[in-house]
Amino acid sequence: IDVDKSVDLTNCDREPIHLLGHTQGFGCFIALRFDWIIAYSSANTNDYFGADSDDVIASPLKNWIDPQTLHDIRSAYQASTITGRNERLFSRAIEATGVPVDISIHHNGTFIIIEFEKITDDRVPEDSFVRSMLSQFHRYSDSQELINSTAQYIQFLTGYDRVMVYQFLPDGAGEVIAEAKNENIDSFFGLRYPASDIPKQARALYLKNLLRVIHDVDSEPVPILPEAEDAEDSIDLSFSTLRAVSPIHIEYLKNMGVKASMSVSLIINGKLWGLIACHHYSPLIPSYFVRTELELFAEVFSLELSSRLMREREDESNRVRNVHNQVMASIGSEGSLLGLLEKQFDTMRALIQCDGIGAVIDEDYRTAGTALSADWVHQLTRYLNRQASSEVITVDSLEKVLKNYDTSSDKIAGVLAIPVSKSPRDYLLFFRMAQTQTVNWAGNPEKPVSFGPNGSRLIPRSSFALWQQTHDDRCEHWSDVDVRSGDSLRVTLLEVIIRHFQERSELQS
Ligand code: BLA
């Protein structure tokens, strides 16, 4: 694969996606100064106000809006300065034209932002569905079932062709952990995507603004007038519901064949845990009311998910304790320590996700599963001994620590090592193969890399090629949970060893 090495994926992180100076065409945008005089408007005001931007700009809002709605807008604005969020008014009308609209109001730090979305004729009065979704929660036995059912329910409700729950991993990559979709499209379930597919500033934004929709990737963005000379001077659209989308991301969706998308943030403990990500293969936009409901639902869903995940983590530590007990119970004085560990290989492998396990005691080495060869283990122990640590040691890429090591021929990419004695150092070793061997990465490595209209930037789908080049010598990152499990196993094993030697010396005396 021919990848231009000069292309730097961190470019993406620098695109100011909140300063694009454009909105999507499914609504009308105005920005007001504190005196409630309109300072900016999207170029499509005629469809809403029956007047062009030239006439709307510099006029007071009260010229266009009836007193009651104006009053409600002012109250909503006051509320939004307290909540820091968009306040919403549903099923209103613009007096000047009679156009029926839903209205979103917030303050962006400089301006009062008011956004109008037309209500289409075929809109039926929508009932709140959050309550009925919440009432089902108790039926789900574990977090995975909760996630699956939620994807299904949201697909049923919104009609998107595909609804996914996308979970972020510690290194910023993400995986589709649940999917509800129409039968006639391929599944993305279980696929993993590189961190660069959703750049940093987008994630930061999604932490503040919980839902975004892309109505139609083929529709022209509407300029906000008067246009700023520099992007930096553009109006801050961070909380705008109509914000135009990064052209890079539009290209990404086009490459996927997707016409419309929506994503809702799932936030746990203040961190972006994942997204509910939806695709449609023709233009689609749920009403502002439905989106408002979905936002609320996602917040409650995140709380429920968080408490279930916490409970499941507790179950996990019980499991660790069981392994501890099992290992302890098995110790006898018979046989060598190595033989004793070997008997527990399967039990211990269940603790930490790995492709193989090994133990090296007094330079004797035994393994199960896919493991490092004895020659390399010899070199590895020399490296580990130099770490002067009595704690768990992790290596994500052996190529970085072993001279002349080649992951592609030696298979194993990384190791989690548990020192089980002081000197000479003995170790229990958990092995992982390269991510490129084990992970179901999305993107087609056979597809030639080409450059899209956005200059020398990578077209999004081919970021996979770059990822593969940088990840074929690296295993899945050893997480904090892995290290903690390893550490409690280390404590267990130290006890085992002490007991083992005690019983032996008792036998001998
Ligand atoms: C945004 N990228 C996004 C979003 C998603 C993804 C969900 C949020 C916006 C939305 O709702 O559509 C990525 N979408 C995915 C993934 C899946 C999916 C992984 O359905 C998996 C099934 N993207 C790139 C590269 C760049 C990039 C290389 O691949 C940068 C050069 C940019 N992605 C990018 C940008 C945004 C984005 C800038 C923000 C779009 C915006 O909110 O304006």
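To start, this report covers the structure provided alongside it. (Residues numbered from 1 in each chain as written. Predicted model: local features only at pLDDT ≥ 70, side-chain atom pairs only at ≥ 80, totals over all residues. Heavy atoms only, no water.)

A few points about the layout of surface pockets
Moving on, step 1. Estimates place the volume of the largest pocket at around 1800 Å³.
Moving on, step 2. Lining the largest pocket are 50 residues, and of these Q167, F168, L169, P170 and V481 sit closest to its centre.
Moving on, step 3. Mapped onto the lining of the largest pocket, the elements with two or more residues apiece are α5 (143-158), β7 (162-168), β8 (174-181), α6 (200-208), β13 (271-280), α8 (288-329) and α15 (480-508).
Moving on, step 4. Ranked by the residues each element gives to the lining of the largest pocket, the list is headed by α8, at seven residues.
Moving on, step 5. Tallied by class, residues from the lining of the largest pocket come to 21 nonpolar, 13 polar and 16 charged.
Moving on, step 6. Here the lining of the largest pocket spans two domains, and each of domain 1 (9-310) and domain 2 (330-434 + 473-508) adds at least three residues to it. (1 Å grid on protein atoms, 1.4 Å probe; cavity = no way out; pocket = protein on both sides within 12 Å on 5 of 7 lines; lining within 4 Å. Points joined across faces, edges and corners; volume = space filled by probe spheres on them. Helix = DSSP H or I, 4+ residues; strand = E, 2+ residues; numbered from the N terminus. Nonpolar A, V, L, I, M, F, W, Y, C, P; charged D, E, K, R; others polar. Domains from an automatic or database assignment.)

Let's talk about empty space enclosed by the protein
It is a probe the size of a water molecule, rolled over the atoms, that shows where empty space is left.
Moving on, step 1. According to the stated counting rule, one finds two cavities of 30 Å³ or more in the structure shown.
Moving on, step 2. In this structure, the second largest cavity encloses a volume near 40 Å³.
Moving on, step 3. Surrounding the second largest cavity, M133, Q136, F137, Y140, S149, T150, Y153 and F297 form its lining.
Moving on, step 4. For the lining of the second largest cavity, the element with the most residues is α5, which contributes three residues.

Considerations on the environment of S132
Moving on, step 1. Structurally, S132 can be placed in helix α4 (residues 130-134).
Moving on, step 2. Polar contacts involving the side chain of S132 include one to the side chain of Y153, which spans 2.8 Å. (Polar contact = N/O pair within 3.5 Å; in protein donor to acceptor, adjacent residues only side chain to side chain.)

Notes on the site of the ligand
Moving on, step 1. In the vicinity of the ligand there are 27 residues, among which C12, Y206, H249, S263 and H279 approach most closely.
Moving on, step 2. Between the ligand and the protein, one listed contact pairs an oxygen atom with a backbone N or O atom of S246 at 3.2 Å.
Moving on, step 3. Taking H249, its side chain carries an N or O atom lying 2.7 Å from an oxygen atom of the ligand.
Moving on, step 4. When the free accessible area of the ligand is taken as 880 Å², the share hidden by the protein chains comes to 98%.
Moving on, step 5. At the level of elements, β7, α6, α7 (247-256), β12 (260-268) and β13 are the ones that each hand at least two residues to the shell around the ligand.
Moving on, step 6. A breakdown of the residues in the shell around the ligand according to their chemical character gives 18 nonpolar, six polar and three charged. (Near = heavy atom within 4 Å. Areas by Shrake-Rupley, 256 points an atom, 1.4 Å probe, with all protein chains shown as cover.)

A closer look at α5
Moving on, step 1. Between the first and last C-alpha of α5 there are 22 Å, a value that for 16 residues agrees with the 22 Å anticipated at 1.5 Å per step.
Moving on, step 2. S143, L146, I147, S149, T150, A151, I154, Q155 and T158 are the residues of α5 that are buried.
Moving on, step 3. Residues of α5 that are buried sit in contact with α4, β7, β8, β12, β13 and α8. (Expected span 1.5 Å × (residues − 1). Buried < 20%, exposed > 50% of the residue type's maximum accessible area, 1.4 Å probe, protein only. Contact = heavy atoms within 4.5 Å.)

As for the sheet that holds strand β17 (residues 412-419)
Moving on, step 1. Strand order in this open sheet of five strands is β15-β14-β18-β17-β16, and the pairing throughout is antiparallel. The strands lining the two open edges of the sheet, one partner per strand, are β15 (364-369) and β16 (393-395). Taken over all neighbouring pairs, the strand axes of this sheet differ in orientation by 15° on average, direction set aside.
Moving on, step 2. In the packing of α15 onto the sheet, the strands contacted are β16, β17 and β18 (427-433), and the crossing angle to β17 comes to about 40°. (Pairing = 2+ DSSP bridges. Axes fitted to C-alpha atoms, helices over the stretch in contact; angles between N-to-C directions.)

Structural notes on the nonpolar core
Moving on, step 1. In this structure, F29, I147, V165, I235, M262, W273 and F301 are the most contacted members of the largest nonpolar core, which totals 40 residues.
Moving on, step 2. When residues in this core are grouped by element, the largest group, six residues, is from α8.
Moving on, step 3. Residues M348, V420, C475 and I497 belong to the second largest nonpolar core, which totals 31 residues. (Core = buried A, V, L, I, M, F, W, Y, C linked by side-chain atoms within 4.5 Å.)

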